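Here's the letter readout for the chains.
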Amino acid sequence: MYEHRYRENKLHGQPEFPLHIYRVEHQARVHSILPVHWHNEMEMIYLAEGRATFYIESREFAIQAGDALIVHPGELHSGMDTAMGGTCYYSIVFKGSWLSSPQPDRVQELFLDPVLQGKVRLPALLSAADAAHSPLVQLIRELLSRYERKSGAYEMSLKALLLLFIADSYQYGLTAMNPAAETRHGREYNRQIREVLSYMETHSRDRLELDQLASVVSLSRSHFCKFFKAQTGMRPMEYLNYIRISQAASLLRSGSYNVLEAALESGYQHVSYFTKWFKHYMNMTPSEYKARYSSGV
């Protein structure tokens, strides 16, 4: 099933249980499998099938089935199926504060607070081929298994596994101090792209022009296009269509919208244009997608 999350003020899980796991599946010949976005939660990405390249801030990670990534709060990240052979990954999203102790203690002070405050970083890449990473990858697999089974007290076991993951990261020497080496220009670019992406998401159903988007960050049209492509890997209108198609796919999966309704609700006035972009990103027509996924499978 395809599930896209570009809006990152979205609630993941429930207030009393702020953890959710998304299973994201893409057919062959679908290049972009996760558009650039960010959120305030921690995220673990486990690639179950295929090969892909993920980007976290300015870092690039080529991974294969069995590998995992850790995305810290506030980090821009995205993913591409570079082999174009189809992928399936799991995204574990949770609030780091959920793991905190109810009162100050040694564990909180020495181990949790440095991670939650961004002073210590967990390993960004966990390779299945690296013996040092194997215990942590296995914890992620166990977490996925328990979440799927949802046996008695599974919520407690998930919290325990996340705490054990952090503990083992320290134990095996896989944590690192945050160098905070980002340049002033890098911070400004990061701020600008966040502003643009938030604006595009908020106004995705509106008629948006390049000059209008460029004005959000006070750039000329030509400079904005170069800036946006450098930061996201997509042209501005290409990204806008991506998030619109993602919205439409979600509506079609719900089973409550037909193709025309999904197109209009996502900002398209012409079904033919909608179908063109849908096939570009989903490698099938909207009708085929609805028939395949609207059952909720």
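About the criteria used
- All residue numbers refer to position in the chain's written sequence, counted from 1.
- In view of the model being predicted, local features appear only for residues whose pLDDT reaches at least 70, and side-chain atom pairs are presented and counted only at 80 or more, with totals across whole chains, interfaces and linings using the full set of residues.
- Water and hydrogen atoms were dropped before computing side-chain values, which therefore reflect all heavy atoms in the structure.
- One bridge is not enough; two strands pair if DSSP finds at least two bridges between them.
- Runs of H or I in DSSP of at least four residues are treated as helices and runs of E of at least two as strands, each being numbered from the N terminus.
- Note on geometry: axes are lines fitted to C-alpha atoms, helical ones only across the stretch in contact, with angles between N-to-C directions running from 0 to 180 degrees.
- Accessible area is worked out with a 1.4 Å probe on protein chains only. A residue is then buried under 20% of its type maximum, exposed over 50%, and partly exposed in between.
- In the analysis that follows, any N or O atom pair within 3.5 Å is treated as a polar contact, provided that within protein one partner can donate a hydrogen and the other can accept it, and provided that, for residues neighboring in sequence, both atoms belong to side chains.

(A) Region of interest: the sheet that holds strand S7 (residues 77-80). If you trace the four strands from one edge of the open sheet to the other, you get S2-S7-S4-S5, paired in antiparallel fashion. Sheet topology places strand S2 (32-37) and strand S5 (59-64) at the edges, where each strand pairs with a single neighbour. Each adjacent strand pair in this sheet contributes to an overall mean axis angle of 20°, direction not counted.

(B) Spotlight on the sheet that holds strand S3 (residues 42-49). The strand order S1-S8-S3-S6-S10 describes an open sheet built from five strands, whose pairing is antiparallel. Each edge of the sheet is formed by a strand with only one pairing partner; in this case those strands are strand S1 (19-26) and strand S10 (125-126).

(C) Looking closely at unusual backbone geometry. Located in the positive-phi region is Arg 29, a residue other than glycine, with phi close to 70°. The residue Arg 29 is located in the loop between S1 and S2 in this model. For Arg 29, a relative accessible area of 54% gives the class exposed. Here Ser 218, not a glycine, exhibits a phi torsion of approximately 55°, which is positive. Looking at the element boundaries, Ser 218 is found in the loop between helix H5 (210-216) and helix H6 (221-232).

(D) Seen up close, the environment of Arg 141. With respect to the helices and strands, Arg 141 occurs in helix H2 (residues 134-149). In this structure Arg 141 comes out as partly exposed when scored by relative accessible area, which is 34%. Separated by 60 residues in sequence, Arg 141 and Asp 81 place their C-alpha atoms 22 Å apart. Within polar-contact distance, the side chain of Arg 141 engages the side chain of Tyr 46 at 2.9 Å.

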